[in-house]
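# Structure at a glance
Listed below are the residues making up each chain.
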Amino acid sequence: MPSPQLLVLFGSQTGTAEDVAERLGREARRRHFGCRVLALDAYPVVDLIKEPLVVFVCATTGQGDAPDNMKCPLRFWASSRQHSTSFSTGGHAVAAAAGAGVAQAQPAAWGFSPVPWKGKPPSPEGRWKPQQLCRRTGKQFRTSKTRKRRRERREAGQEAGLSTKPRATAWQEETLAQRVTQNFWRFIFRKSLPPTSLCRMDFAVLGLGDSSYTKFNFVAKKLHRRLLQLGASALLPLCLGDEQHELGADAAIDPWLRDLWERVLGLYPMPDGLTEISPGVPLPSRFTMQLLQGAPSECSQEPHMACASPGGPPSESKPFLAPVVSNQRVTSPSHFQDVRLIEFDISGSGISFTAGHVVLIQPSNSARHVQKFCQVLGLNPDQYLTLQPREPGITCPPRLPQPCSLRHLVSQHLDIASVPRRSFFELLACLSPHELERGKLLELSSMEGQEERLQYCTRPRRTILEVLCDFPHTASAIPLDYLLDLIPPIRPRTFSIASSLLAHPSRLQILVAVVQYQTRLKEPRRGLCSSWLASLDPGQGPVQVPLWVQPGSLTFPEMPDTPVVMVGPGTGVAPFRATVQERVAQGRTGNFLFFGCRWRDRDFYWEAEWRRLEQTGYLTLFTAFSREQPACRLQEQKVYVQQRLREQGPLVWELLDRRGASFYLAGNAKSMPEGVLEALTSIFQEEGGLSGPDAAAYLARLQRTLRLQTETWA
């Protein structure tokens, strides 16, 4: 009997969902399941119809947004132009081969397979009449030209000896070019997908979110409903992991996983003679590491970061090493927050961007932390190694050169400054030869030890490196092969681009708030990327940062006469500086900016630039300084951007309702976005005379038509 196959697909922004997905993969291996764990942007979604058992693990980011790897373009669509890739039309699968002008018919896949017809049956000839096709597919064939094109395609297929049937209407080869830019999230919600598309699939959805946000686990809820609409069968009710729970998301995940495996094993029992592998037995590592004797004669430590590949712009696997031109603190020395304006030279990189794009930066661990890590584990940082996958289907990390020094592996790849998750303690306990340390690690990794783990690690933000220092006997005994299983990779950090190429050619600027705070631990907690960027001093010699650019979540109107209303408190103003610079260079007026900060003389970013644009008529600026109180005010009340919006209610309503303006919001995702949306709803009621439900519908319509867009971060 073949081993049952499980597919785990994850959409992750910070790595939490990926960690849970990897946990599912390990538990599947312990139960002798064949299991693939893939990011949603790495999986060919057309193959979903062939999967019998799928678990989706997805996080919700910002204000109900899907993670980036659920929204990124599906690369396999583009590759289908060079390789024959099967994707379906109604009742058939169409193979798009390079240079092929005619689609080939394959057995039914996605598309309109026969389903019970509700209402008037099809005509006796077995062909759907135009009006029936409209009801069935949701598409209207209004002109004879459309019918002519369809007839020509059928005739072309018959001349080529291919089978063509009139029901092949769901997935047309003419839309291939559009699907090159599709993503999983948009694809799965295509209205043309029939309600039996996933009728062979059993699935479960595990969501990760934060109940302090309005749209708690919005992505998981929406995905679960959509999979049911497409005919898939739910193994379990939706799991809603909540980071706000006193025990974290595991409070919901642990019992849900227990029920999941009971359900799965009921459908797919383990073969006779096999039993579940004990949690105390470590599974084989994903990779093997071979230490080399001496330094290789020809080895580049950073071959993957030298420059963009000739075939395309820089990317995560091939970032551009951008020289740092300047690194300037833009808050006053008396201000508690260190905020930097950092400028990069991108000459010769092939990088191009417009307002709304974001830059991703790959940070490094500090030399001090790298040295400490190697010392605790008893490693020689200057020794070289090669990396080999243990099983087929697993690929080596693309950013690691082969061979590679241990110093490079630790400084560039292993996130030793991150807070360890439960899976870290589970594996570390399996690898520990020390009885006392092993017992403590087992306690920290258990469900019963959640509160102690929160107290020891999560709440004080104790790092992986600090935990390894607390368990020295275990750390010194960690097999080299398990490093990549034990420690997650360093993730790139995303920053809004704060400049326009029209104003600063060959330059890219970002606004960075340096993260530093105190917990009960003696040493302050520091953000890995922001602290690393702040430490770079181009005045002491050449400094380079690996980076690449991609579209962000904000898109700005193309029509030159469309006004834009921008709300950007704090560092949320960064993307709007790029927008204003770009629109001013194009001669566009109608720029309205609501900016908020604490103090006028401490953290008012780009004040001189805004005042100059005000004087020339290109910008209308409204400010809110939350810590400055007028002397005549009887009660102390902090003023935020939402108060300024309400004060300018007539203008905001005029811009949105009569002049067709677009509204943009960027900044911290905690409470500010909700306050701004409440202010807008209030304006719609007071200035537009709308009722509560009508105001909510008006706001939803603005969001649906992309005239109201947000870019927020935690």
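### So, the overall build of the protein
Within the protein, the secondary structure is distributed over 24 helices and 25 strands. Across the 714 residues that make up the protein, the buried fraction comes to 49%. The contacts of the protein with a sequence gap of at least 6 include a subset with a gap of at least 24, amounting to 73%. In the form shown here, the protein has an accessible surface area of approximately 33,600 Å², with 51% of it arising from carbon and sulfur atoms.

### Concerning the sheet that holds strand β21 (residues 564–567)
Read across the open sheet, the five strands follow the order β23-β22-β21-β24-β25; overall the sheet is parallel. Lying at the two open borders of the sheet, with one neighbouring strand each, are β23 (620–625) and β25 (708–713). Looking at each pair of strands side by side, their axes are set apart by 10 degrees on average, direction ignored. Where helix α19 (residues 574–585) meets the sheet, its contacts fall on β21, β22 (591–597), β24 (662–668) and β25, and the angle it forms with β21 comes to roughly 155 degrees. Across the sheet, helix α23 (residues 672–686) touches β21, β24 and β25, and the angle it forms with β24 is around 150 degrees.

### A look at the pairing of β22
Along β22, seven of the seven residues are buried, which leaves the element largely enclosed by surrounding structure. Both faces of β22 are covered, namely the face carrying Asn-591, Leu-593, Phe-595 and Cys-597 and the face carrying Phe-592, Phe-594 and Gly-596. Pairing of β21 with β22, which is carried by four bridges, proceeds in the parallel orientation. Opposite Val-564, over in β22, you have Asn-591 as the bridge partner. The handedness of the β21 to β22 crossover, carried by α19, is right-handed. Relative to β23, β22 is paired through six bridges, and the arrangement is parallel. Bridge pairing in β23 links Gly-596 to Ala-624. Crossover β22 to β23 through helix α20 (residues 607–615) is right-handed.

### Quick word on unusual backbone geometry
Backbone phi values are negative for most residues with the exception of glycine, while trans is the configuration of most peptide bonds. With omega at -10 degrees, the peptide bond leading from Gln-402 into Pro-403 counts as cis. Within the fold, Pro-403 resides in the loop between β14 (384–389) and β15 (404–405). Here His-32, not a glycine, exhibits a phi torsion of approximately 65 degrees, which is positive. Structurally, His-32 can be placed in the loop between α1 (16–30) and β2 (34–39). Since its relative accessible area comes to 23%, His-32 is described here as partly exposed.

### Some remarks on the environment of Gly-675
Tracing the chain through its elements places Gly-675 in helix α23. When its relative accessible area of 12% is taken as the criterion, Gly-675 is described as buried.

### A closer look at the pairing of β14
Pairing of strand β10 (residues 287–291) with β14 involves five bridges; the strand directions are antiparallel. Along β14, the bridge assignment pairs Met-289 with Leu-387.

### Here's the deal with the packing of helix α12 (residues 422–431) against helix α13 (residues 435–445)
At a minimum axis distance of 8 Å, the contact between α12 and α13 shows a crossing angle of 150 degrees. Classified by the angle between their axes, α12 and α13 sit roughly antiparallel to one another. Between α12 and α13 the crossing geometry is left-handed. Contacts between α12 and α13 involve Arg-422, Phe-425, Glu-426, Leu-428, Ala-429 and Cys-430 on the former and, on the latter, Arg-438, Leu-441, Leu-442, Leu-444 and Ser-445.

### Looking at the pattern of salt bridges
Under the definition given, this model contains 30 salt bridges. The shortest N-O distance in the salt bridge between Glu-51 and Arg-36 comes to 2.9 Å. Note that Glu-51 is positioned in the loop between β2 and β3 (53–59) and Arg-36 in strand β2, a separation of 15 residues in sequence. Judged by its relative accessible area of 34%, Arg-36 falls in the partly exposed class. The shortest N-O distance in the salt bridge between Glu-451 and Arg-459 comes to 2.9 Å. For Glu-451, a relative accessible area of 35% translates into the label partly exposed.

### Looking at the nonpolar core
Within the largest apolar cluster, 39 residues are counted, with the highest numbers of intra-cluster contacts made by Phe-373, Leu-409, Leu-414, Leu-468 and Leu-483. In this view, Leu-468 contacts Phe-373, Val-376, Leu-377, Phe-424, Leu-428, Ala-475 and Ile-478; residues no more than four positions away in its chain are not counted.

### Some remarks on the sheet that holds strand β11 (residues 320–329)
Pairing between the strands of a sheet is mediated by backbone hydrogen bonds and can be parallel or antiparallel. Read across the open sheet, the six strands follow the order β16-β13-β20-β11-β12-β17; overall the sheet is antiparallel. Looking at strand neighbours, the two that pair on one side only are β16 (493–496) and β17 (507–513), the edges of this open sheet. Averaged over all pairs of adjacent strands, the angle between strand axes in this sheet comes to 40 degrees, irrespective of strand direction. Note: β11 against strand β20 (residues 544–551), four bridges, orientation antiparallel. Pairing of Pro-323 across the sheet is with Gln-544, part of β20.

### Thoughts on the packing of aromatic side chains
Inspection of the entire model under this criterion finds twelve aromatic pairs. With centroids separated by 5.3 Å and ring planes inclined at 40 degrees, the aromatic side chains of Trp-653 and Tyr-698 adopt a geometry described as tilted. Of the two residues, Trp-653 sits in helix α22 (residues 649–658) while Tyr-698 sits in helix α24 (residues 692–704), which places them 45 residues apart along the sequence. Among the aromatic side chains, those forming a connected cluster through ring pairs are Phe-595, Phe-604, Tyr-605 and Phe-625. Its end group placed over the ring of Phe-189, Lys-222 keeps NZ or CZ at 5.0 Å from the ring centre. Directly above the aromatic system of Trp-599 lies the positively charged group of Arg-602, at a separation of 4.5 Å from the ring centroid.

### Things to note about the side chain of Asp-415
As for its placement among the helices and strands, Asp-415 is situated in the loop between α11 (406–412) and α12. For the buried Asp-415, which has no salt bridge, the nearest side chain bearing the opposite charge is Arg-493, at an N-O separation of 4.6 Å. Not counting residues within four places of it along the chain, the set of residues in contact with Asp-415 comprises Ile-464, Ile-487, Pro-488, Pro-489, Ile-490 and Leu-528.

### Examining the confidence of the model for the protein
The predicted model of the protein has a mean per-residue pLDDT of 81, with 80% of residues at 70 or higher. In this model, residues 156–181 is a region of pLDDT below 50 whose contacts with residues beyond four sequence positions or in other chains number 65 contacts. For residues 299–309, every residue scores under 50 in pLDDT, and the model assigns this stretch 35 contacts once sequence neighbours within four places are set aside.

### Some thoughts on the side chain of Glu-711
One can find Glu-711 in strand β25. Judged by its relative accessible area of 9%, Glu-711 falls in the buried class. With near-sequence residues (within four places) excluded, Glu-711 lies in contact with Gly-356, Val-358, Ser-496, Gly-552, Ser-553, Leu-554, Pro-575, Leu-665, Ala-666 and Gly-667.

What counts and what doesn't
Residues numbered from 1 in each chain as written. Predicted model: local features only at pLDDT ≥ 70, side-chain atom pairs only at ≥ 80, totals over all residues. Heavy atoms only, no water. Helix = DSSP H or I, 4+ residues; strand = E, 2+ residues; numbered from the N terminus. Buried < 20%, exposed > 50% of the residue type's maximum accessible area, 1.4 Å probe, protein only. Contact = heavy atoms within 4.5 Å. Areas by Shrake-Rupley, 256 points an atom, 1.4 Å probe, with all protein chains shown as cover. Pairing = 2+ DSSP bridges. Axes fitted to C-alpha atoms, helices over the stretch in contact; angles between N-to-C directions. Right-handed = clockwise from strand over helix to strand, strands pointing away. Parallel < 35°, antiparallel > 145°, perpendicular 65-115°, else oblique. Left-handed = near helix turned anticlockwise from the far one by under 90°. Salt bridge = Lys/Arg side-chain N within 4 Å of Asp/Glu carboxyl O. Core = buried A, V, L, I, M, F, W, Y, C linked by side-chain atoms within 4.5 Å. Phe/Tyr/Trp six-rings, centres within 6.5 Å; stacked < 30°, edge-to-face > 60°. Lys NZ or Arg CZ within 6 Å of the ring centre and 35° of its normal. Lys, Arg positive; Asp, Glu negative; His and termini not counted. pLDDT = per-residue confidence, 0-100.

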